[in-house]
Amino acid sequence: AKAKGVRGDIDDEDDEESYYRYMEENPMAGVVDEGSDAEMEYDEDGNPIAPPRRKDIDPLPAIDHTEIEYAPFEKNPYDAHEEIAALSAAQVDNLRKALGIKVTGLVPPHPVASFAHFNFDENLMKAIRKADYTQPTPIQAQAIPAALGGRDMIGIAKTGSGKTAAFIWPMLVHIMDQKELQPGDGPIGLILAPTRELSLQIYNEAKRFGKVYNIYVVCCYGGGSKWEQSKALEQGAEIVVATPGRMIDMVKMKATNLKRVSFLVLDEADKMFNMGFEPQVRSICNHVRPDRQTLLFSATFKKRIEKLARDVLTDPVRIVQGDLGEANEDVTQHMMVFSNPQHKWNWLLAKLVQFLSEGSVLIFVTKKADAEQVANNLKLKEYDPVLLHGDMDQADRNRVIMQFKKREVDIMVATDVAARGLDIPHIKTVVNYDIARDIDTHTHRIGRTGRAGEKGTAYTLVTEKDKEFAGHLVRNLEGANQDVPQDLLNLAMQSSWFKKNRFKSGKAKINVGGAGLGYRERPSSSADASGGAPTNHGAVKSTKGPATDRLSAMKETFKNQYSSQFKASTDRTWEKTLPPQGVFAPPSLPGMEPQSSSQAETKKAKKSRWN
């Protein structure tokens, strides 16, 4: 390239030169608008909605696995217990029906009926008995044999089904079959979870069973100290429980690597995708060796999760407990419909003593400001609630959760940040003070009670403005085999989408709005089928319902208004200007005789609508 001429007698560049140099260095300047603020969105009450926090964590760069030499790892086949192996196909089907699970996939292993069938060693069995496990939950009965056999798996189960143990126990067996960690090695088992609360809960469970074999577990989550977490990883850990963003940070900092990961678990995958972690989750999966074993757990199975499963799993066994995304049947749901939102507070105060006598109470409120208001109002009534919402820093969140776990306080007011991952058995009552933003969030909210076979109660306080969501609640209750209150059904029927879908057969006739202004009943060709008297098909005479003869009432009002405001003129001079035949006389055409006034009168009388 030809060097540009430079004038030696001018030291500084002028404005024009400066502009050209800047444009050369920044070719996208002015094309991409980086400086202007994003347009603010507002909710139905006119309050500004906080923009979603930007996920600034870039996914890990793609790597070529053909250039990496991975050490072989043990993938021991699962030897089924002789009693289980001897079951016939019909007996296996009956056992799955009894467990309430549906299994699909390539040659799925038989489900088991007790812990003895897992062939765990005595040390792990002692720890399981000590943790008060008596019998495998349905998801454990089918998922653990599949995981022990080295199979990839999709587990779709309701909240509180014991799926955490279903992947931790096989992971421990898998790790014990591998070579010991050498200095600088990364983990063998990696568990990804969407939230800090859930990752801490999994970490505590993994630590409890991992100490049986002296297995070291590390938890990495956003909000915790990066330095502490990186130091813990550098010491070497067989199991890492992490949120996707923080795991990527740790790999980029070279605090750990994923070369030895041969057992990968994605827990609450639907929540990770909803939170915008899809690129991060995919990049982590692509960084792990291709011949790994992968377990994916989710409460729902949307298309995006299905696509992820196709991309990262190999010939998976798919286990579905109950209907996809169904509510937990161990939770008795009550729907309270209020005409006035103010009545919700009175109802809560009246019932709170009864709820507290049964166990701890978790109250969900949609907006942070409303949650603070509810908590403050409870304090004024001499209750002692704790508050959990998304703007609290991690230390405060952990402190509040520990207070609630240890039963130092019995009431927690929370926004949806706590709707997943809170596993506290003594929560006996969940109150949805405000309805959830969507039905999946509602399912997870009520899943905070009725954990691991315990019974619980959930109350949802619905107001008349929630009619669009009421249809989802009706379907949710029906899916969990629970009675639908009539007032909730009536409210749902006011929603056009629900009413339209509800009565596709067209047999049911519902007129929510009642007879409108000027409504006239359609005349029927035959008498009433019941043999009653013929009906008068004039204006509506009924004195019931929302119509209450509005047409007659409005006619009367206009008549009164007319007679009170209209004033007749006293000036009668205009009468002298009238033609003898009157103003309505037909014009006389040439060659035609004018009509006599008596004939005109007769003709007019015939046409009159008043005679």
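Residues numbered from 1 in each chain as written. Predicted model: local features only at pLDDT ≥ 70, side-chain atom pairs only at ≥ 80, totals over all residues. Heavy atoms only, no water.

Looking at an unreviewed UniProt entry, one finds the chain named ATP-dependent RNA helicase DDX42 and attributed to Nyssomyia neivai. What the UniProt record of the chain gives under Catalytic activity (unreviewed entry) is the line "ATP + H2O = ADP + phosphate + H(+)". The UniProt entry for the chain carries the following text under Sequence similarities (unreviewed entry): "Belongs to the DEAD box helicase family. DDX42 subfamily." (UniProt positions renumbered as here; feature names shortened; annotations may be inferred.)

1. Considerations on the packing of aromatic side chains
Applying the stated rule across the entire model yields 14 aromatic pairs. On the numbers, 5.1 Å between centres and 75° between planes, the contact of Tyr 133 with Trp 169 is edge-to-face. Here Tyr 133, found in the loop between α4 (122-130) and α5 (138-148), pairs with Trp 169, found in helix α6 (residues 163-176); they are 36 residues apart in sequence, far enough to count as distant. In terms of burial, Tyr 133 and Trp 169 fall into one category: buried. Joined through ring pairs, the aromatic side chains of Phe 115, Phe 118, Phe 120, Tyr 133, Trp 169 and Phe 209 make up one cluster. The aromatic ring of Tyr 433 is capped on one face by Lys 344, whose charged end is 4.9 Å from the ring centroid. (Phe/Tyr/Trp six-rings, centres within 6.5 Å; stacked < 30°, edge-to-face > 60°. Helix = DSSP H or I, 4+ residues; strand = E, 2+ residues; numbered from the N terminus. Buried < 20%, exposed > 50% of the residue type's maximum accessible area, 1.4 Å probe, protein only. Lys NZ or Arg CZ within 6 Å of the ring centre and 35° of its normal.)

2. Focus on helix α3 (residues 89-99)
Listed in full, the buried residues belonging to α3 are Val 92, Arg 96 and Leu 99. Projected down its long axis, α3 shows its buried positions confined to an angular sector of 60°, all on one face. For α3, exposure combined with an orientation more than 90 degrees from the buried face picks out Asn 94, Lys 97 and Ala 98. Contacts made by the buried residues of α3 are with β3 (101-104) and α5. Gly 100 occupies a position one or two residues after α3 and carries a positive phi of about 75°. (Arc of directions from axis to C-beta. Contact = heavy atoms within 4.5 Å.)

3. Focus on helix α8 (residues 226-234)
What α8 keeps buried is the set Gln 229, Ser 230, Ala 232 and Leu 233. All buried residues of α8 fall inside an arc of 160° around its axis, so they share one side. Facing away from the buried side of α8, by more than 90 degrees, are the exposed residues Trp 227 and Glu 228. Buried residues belonging to α8 abut β6 (217-220), β7 (239-242) and α9 (244-252). Positive backbone phi, at 100°, marks Gly 236, one or two positions downstream of α8.

4. Quick word on the packing of α6 against helix α7 (residues 196-210)
Contact geometry of α6 with α7 gives a least axis separation of 10 Å together with a crossing angle of 40°. What the angle tells us is that α6 and α7 run oblique. The way α6 lies across α7 gives a crossing that is right-handed. Side by side, α6 and α7 meet where Thr 164, Phe 167, Ile 168, Trp 169 and Leu 172 of the first sit next to Gln 201, Ile 202, Glu 205, Ala 206, Phe 209 and Gly 210 of the second. A class-by-class count of the residues in the contact of α6 with α7 yields seven nonpolar, three polar and one charged. (Axes fitted to C-alpha atoms, helices over the stretch in contact; angles between N-to-C directions. Parallel < 35°, antiparallel > 145°, perpendicular 65-115°, else oblique. Left-handed = near helix turned anticlockwise from the far one by under 90°. Nonpolar A, V, L, I, M, F, W, Y, C, P; charged D, E, K, R; others polar.)

5. Observations concerning the nonpolar core
Grouped together as the largest cluster of nonpolar side chains are 54 residues, with contacts concentrated most on Phe 120, Ile 128, Trp 169, Phe 209 and Ile 239. Here this core gets eight residues from one element, more than from any other, and that element is α6. Counting residues in hydrophobic clusters, the runner-up holds 37 residues, among them Leu 192, Leu 233, Phe 277 and Ile 305. (Core = buried A, V, L, I, M, F, W, Y, C linked by side-chain atoms within 4.5 Å.)

6. Some points on the environment of Tyr 42
Mapped onto the fold, Tyr 42 is located in strand β1 (residues 41-42). Sequence-distant contacts of Tyr 42, defined by excluding residues within four places in its chain, comprise Asn 47, Pro 48 and Ile 49.

7. Comments concerning the packing of α8 against α9
The interhelical angle for the contact between α8 and α9, taken along N-to-C directions, is 65°, at an axis separation of 11 Å. Taken as axis vectors, α8 and α9 run roughly perpendicular relative to one another. Relative to α9, α8 is oriented so that their crossing is right-handed. When α8 is examined against α9, the residues Lys 226, Gln 229, Ser 230 and Leu 233 are found in contact with a partner set consisting of Arg 246, Asp 249 and Met 250. Tallied by class, the residues present in the contact of α8 with α9 amount to two nonpolar, two polar and three charged.

8. Here we look at the pattern of salt bridges
The tally for this structure, following the rule as stated, stands at 16 salt bridges. A salt bridge links Arg 397 to Glu 197; the shortest N-O distance between them is 3.1 Å. You can see Arg 397 sitting in helix α15 (residues 394-405) and its partner Glu 197 sitting in helix α7, a full 200 residues away along the chain. Of the two residues examined, Arg 397 and Glu 197, each falls in the buried class. Here the residues in one salt-bridge network are Lys 226, Arg 246 and Asp 249, joined through shared partners. (Salt bridge = Lys/Arg side-chain N within 4 Å of Asp/Glu carboxyl O.)

9. Digging into the pairing of β7
Residue alternation in β7 divides its side chains into two sets, Ile 239 and Val 241 and Val 240 and Ala 242, and both sets are buried. Considered for its hand, the β-α-β crossover made up of β6, α8 and β7 is right-handed. (Right-handed = clockwise from strand over helix to strand, strands pointing away.)

10. A closer look at unusual backbone geometry
The backbone phi angle of Asp 132 is positive, close to 65°, even though this residue is not glycine. Tracing the backbone through its elements, the reader meets Asp 132 in the loop between α4 and α5. Here Lys 254, not a glycine, exhibits a phi torsion of approximately 60°, which is positive. Position of Lys 254 relative to the elements: it lies in the loop between α9 and β8 (263-266). Looking at Lys 254, the relative accessible area reads 71%, which means it is exposed.

11. Section: the sheet that holds strand β15 (residues 427-432)
The six strands are arranged β11-β16-β15-β12-β14-β13 in an open sheet whose pairing can be described as parallel. Two strands close off the open sheet at either side, each with one partner strand: β11 (331-338) and β13 (385-388). Here the average twist between neighbouring strands, direction ignored, is 20°. Strand direction decides the pairing type here: strand β12 (residues 360-364) and strand β14 (residues 411-414), joined by four bridges, are parallel. Across the sheet, residue Ile 363 finds its bridge partner in β14, namely Val 413. Against the sheet, α15 makes contact with β12, β13, β14 and β15, and its axis sits at roughly 145° relative to β13, the strand it touches most. (Pairing = 2+ DSSP bridges.)

12. Describing the sheet that holds strand β10 (residues 317-321)
Pairing is mixed in the open sheet, where eight strands are placed in the order β3-β10-β4-β9-β8-β5-β7-β6. Two strands close off the open sheet at either side, each with one partner strand: β3 and β6. Across the sheet, the mean angle separating the axes of adjacent strands is 15° when strand polarity is ignored. Where β6 lies against β7, four bridges are found, and the strand directions are parallel. What sits directly across from Cys 219, in β7, is Val 241.

13. Observations concerning the pairing of β10
For β10, the buried fraction is high: four of the five residues fall into the buried class. With four bridges connecting them, β3 and β10 associate as antiparallel partners. Looking at β10, one finds that Val 103 is bridged to Ile 319. Sheet topology places strand β4 (residues 153-156) next to β10; four bridges connect them, and they run parallel. Each residue of the ladder has a partner; that of Gly 155, found in β10, is Ile 319.

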